[in-house]
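Residues per chain are reported as follows:
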Amino acid sequence: MNDAPGTAVPTENRSHEVRDDLRNVAIVAHVDHGKTTLVDALLRQTGAFRANQAVVDRVMDSGDLEREKGITILAKQTTIDVGGVRLNIVDTPGHADFGGEVERSLLMVDSVLLLVDAAEGPLPQTRYVLQKAMARHLPVVVALNKIDRQDARAAEVLDAVYELFMDLGADEHQIEFPVVYTNAKLGTATRDLAVPGTDLRPLLKLLVDVTPAPVFEPGHPLQLLVTNLSANEYVGRMAVGRIRNGTIRMGQRITVVREEADDIAGAIEPGRTITLTGTVSSLQTAHGMERIDISEAGPGEIVSVAGLPEVTIGDTITEPGDPRPLPRLDVDAPTLSMTFGVNTSPLGGRDGKYVTSRQIKARLEREVLGNVSIEVHPTESGDTFEVRGRGELQLAVLIEQMRREGYELTASRPEVILRTIGGEVHEPYERVTIDIPPEYIGVVQQALAARKGRLEQMTTDADERVRMEFVLPVRGLIGYRGQLLTDTRGTALLHQIGEGYGPWAGEVTHRTNGVLVSDRTGTSNAYGLFNLQDRSELFIGSGVDVYEGMIVGENARSGDMDVNATKEKKLTNIRTHSHDESLRLTPPRPLTLESAIEFIGTDELVEVTPSAIRLRKRLLAKHERERERGRAYDLSRVEPEA
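Residues numbered from 1 in each chain as written. Predicted model: local features only at pLDDT ≥ 70, side-chain atom pairs only at ≥ 80, totals over all residues. Heavy atoms only, no water.

### Here's the deal with the packing of aromatic side chains
Scanning the model with the defined rule gives 4 aromatic pairs in all. Arranged with centres 5.3 Å apart and planes meeting at 85 degrees, the rings of phenylalanine 539 and phenylalanine 599 form a pair that is edge-to-face. Residue phenylalanine 539 is found in the loop between β33 (536–538) and β34 (545–546), and its partner phenylalanine 599 is found in helix α15 (residues 593–599); the two are separated by 60 residues along the sequence. For the pair phenylalanine 539 and phenylalanine 599, one class covers both residues: buried. These aromatic residues form a ring-pair network of at least three members: Tyr162, Phe165 and Phe177. Across the ring face of tyrosine 501, the terminal group of arginine 419 is positioned such that the distance to the ring centre comes to 4.1 Å. Here arginine 475 stacks its cationic end above the ring of tryptophan 504, 3.8 Å away from the centre of that ring. (Phe/Tyr/Trp six-rings, centres within 6.5 Å; stacked < 30°, edge-to-face > 60°. Helix = DSSP H or I, 4+ residues; strand = E, 2+ residues; numbered from the N terminus. Buried < 20%, exposed > 50% of the residue type's maximum accessible area, 1.4 Å probe, protein only. Lys NZ or Arg CZ within 6 Å of the ring centre and 35° of its normal.)

Below is the structure:
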């Protein structure tokens, strides 16, 4: 091709042209297979950073939660220059709970770089993201990463990748994918394992060669599908997306035509369309890790546009004179729901900045605008809201973000979203891969059998660890991760992915032990706790504020027990130093947000504040809980007779 970069090159079909100076690629992989580390190396080698610039590791994981958890939560875009060709790279999450980010990202790109650990091989999230890419018929480049690991087995993993492609129904073009071997930490790539790589140029060249250049129709009016939202303190909400056709300029008049869904109150007529019109007040694109202002952008470019304050994800920005909207973004439906409510405990409002239902509702509505896989629905109570998402981790991340922003709230135990198909109740299922040492096979099989799990496959890896694959209801997974780590002494790895809906599996046991519930308000005392720790595992230490209905520990037996954690030793004339010194408390079990959500039962809540995580009963007063138990018992006796 003799045309200079940047020119529009006509294709065989004269009604379409391509831009040979641009490529759009998404990097997809399982959690911790090295996506973000590879992007770091690409940015360093292509001169995206200044020579004297201080750069942290995993620069694309810019959020505090992403750095702490070591995972990518939000899809992000960067741009590098490869021999005059601009390569837009989108770094996507590897966890299935954030699948909405992956689906949006794939709408902006023309090829996929699939990163697979050369030792672990394809895992459930690898299957998930690859399935999404193949559904859009995107060409795939396979990179086997971490080839420097001592347990790397590149040839076997490559065979497993071929098997995965065939399982997903790859056609003859998709199955002939190119392979590159990388070491993201050292920043090297090679097409031949026998020839060590020196830099990442083989990978960059392969991406440019395999990725199709953006195709557009000359003279077509503007079409920009909004796949993400960002905020700017000067210009407000910015819509992020890829330009399909046409050109966008600063000061240009733009419009959005949207079909409104029916709202809960019935105030909006279903099928009604509204038109939003505005002027482009800011236009930006990525340059390395920075966002730069530009005056004009054309087909294939990924840009951020300000000028429509009410634009949402899935909208198409078009021209007012000839609006041509694209199909709206369609993502997988949520499978879990939780209720978020006002913190009504006696300790509520002490350290939170936002504590009212109005503030919580406004925050959840903002989350829905930027996260297409989250849904918020009203409940019968004005103080609580039903929040639906893809999984426990996604909902826990939302709660953690809210508490760090200064919100106080209560959250319920996750419940699955049921469907009625053909007159029968169906529930969501998950495919779970568990990697464990062989001595724990029995205990894992026994635990998952009780949770209605079905063993599909079992293999032994080169390091003699056993990989077991189960299919079980999502209900059976709630609360299991903590039990698995306890049963295997922290040696297990668990990965999960949605398997769709299936018939109701019957009752699933959740938690067999009861809890210790404080019967009064006060401050916990070492003397009172010492008498409790022999028959329970405590969640609190001495000197902690407690209230009636607060859960202070897990009972060693089934059934709840009301206890006095504030009990003090009576003063007497007879004191012995040795007896007083013997009150040694076992350290309490640390409660993280994820472990708290997994632990609670249906009649319990997690109280979340910026500085504390507490467990409590939904009904705090003892007489109210007993009345509710009696009502539930009466109903259970009436239903069989009916």
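Alright, that's what it looks like, and here's the rest.
### Notes on the pairing of strand β8 (residues 179–183)
Counted residue by residue, β8 has 5 buried out of 5 residues, so it is predominantly covered. On β8, burial covers both faces: Val179, Tyr181 and Asn183 on one face and Val180 and Thr182 on the other are all buried. As paired elements, strand β7 (residues 140–145) and β8 share 3 bridges and run parallel to each other. Along β8, the bridge assignment pairs valine 142 with valine 179. Where β8 and strand β9 (residues 188–190) come together, 3 bridges link them in antiparallel fashion. What sits directly across from tyrosine 181, in β9, is threonine 190. Counting the residues in the hairpin turn of β8 and β9 gives 4 residues, including glycine 187, whose phi is positive at 75 degrees. (Pairing = 2+ DSSP bridges.)

### Some remarks on the pattern of salt bridges
Per the counting criterion, the structure on display carries 33 salt bridges. A salt bridge links arginine 149 to aspartate 117; the nearest nitrogen and oxygen atoms lie 3.1 Å apart. Note that arginine 149 is positioned in the loop between β7 and α5 (154–167) and aspartate 117 in strand β6 (residues 111–117), a separation of 32 residues in sequence. Owing to a relative accessible area of 0%, aspartate 117 belongs among the buried residues under this scheme. Close ionic contact of aspartate 560 with lysine 617 constitutes a salt bridge, the shortest N to O distance being 2.6 Å. Of this pair, aspartate 560 sits in the loop between β35 (550–555) and β36 (561–563) while lysine 617 sits in strand β38 (residues 613–617), placing them 57 residues apart in sequence. (Salt bridge = Lys/Arg side-chain N within 4 Å of Asp/Glu carboxyl O.)

### Focus: helix α1 (residues 35–45)
Since there are 3.6 residues in each turn of an α-helix, residues three or four apart along the chain are aligned in direction. Within α1, 8 of the 11 residues are buried, which leaves the element mostly enclosed by the surrounding structure. Residues of α1 that are buried: Lys35, Thr36, Leu38, Val39, Asp40, Ala41, Leu42 and Leu43.

### Brief notes about helix α10 (residues 441–450)
Along α10, the residues classified as buried are Ile441, Val444, Ala447 and Leu448. One face of α10 carries all of its buried residues, which in axial projection span an arc of 140 degrees. Those residues of α10 that are buried are in contact with β27 (424–436), β28 (454–460), β29 (466–473) and α12 (480–487). Note on α10: the residue one or two positions beyond its end, lysine 452, has a positive phi of about 70 degrees. (Arc of directions from axis to C-beta. Contact = heavy atoms within 4.5 Å.)

### A few points about the environment of threonine 36
In this structure, threonine 36 sits in helix α1. Residues threonine 36 and threonine 92 lie 56 residues apart in sequence; the distance between their C-alpha atoms is 8.9 Å.

### Here we look at the packing of α10 against α12
At a minimum axis distance of 10 Å, the contact between α10 and α12 shows a crossing angle of 155 degrees. By the angle between their axes, α10 is roughly antiparallel relative to α12. Like other packed secondary-structure pairs, α10 and α12 cross with a definite hand, here right-handed. Seen from α10, the contacting residues are Val443, Val444, Ala447 and Leu448; seen from α12, they are Tyr480, Gln483, Leu484 and Asp487. In terms of residue class, the contact of α10 with α12 is made up of 6 nonpolar, 1 polar and 1 charged. (Axes fitted to C-alpha atoms, helices over the stretch in contact; angles between N-to-C directions. Parallel < 35°, antiparallel > 145°, perpendicular 65-115°, else oblique. Left-handed = near helix turned anticlockwise from the far one by under 90°. Nonpolar A, V, L, I, M, F, W, Y, C, P; charged D, E, K, R; others polar.)

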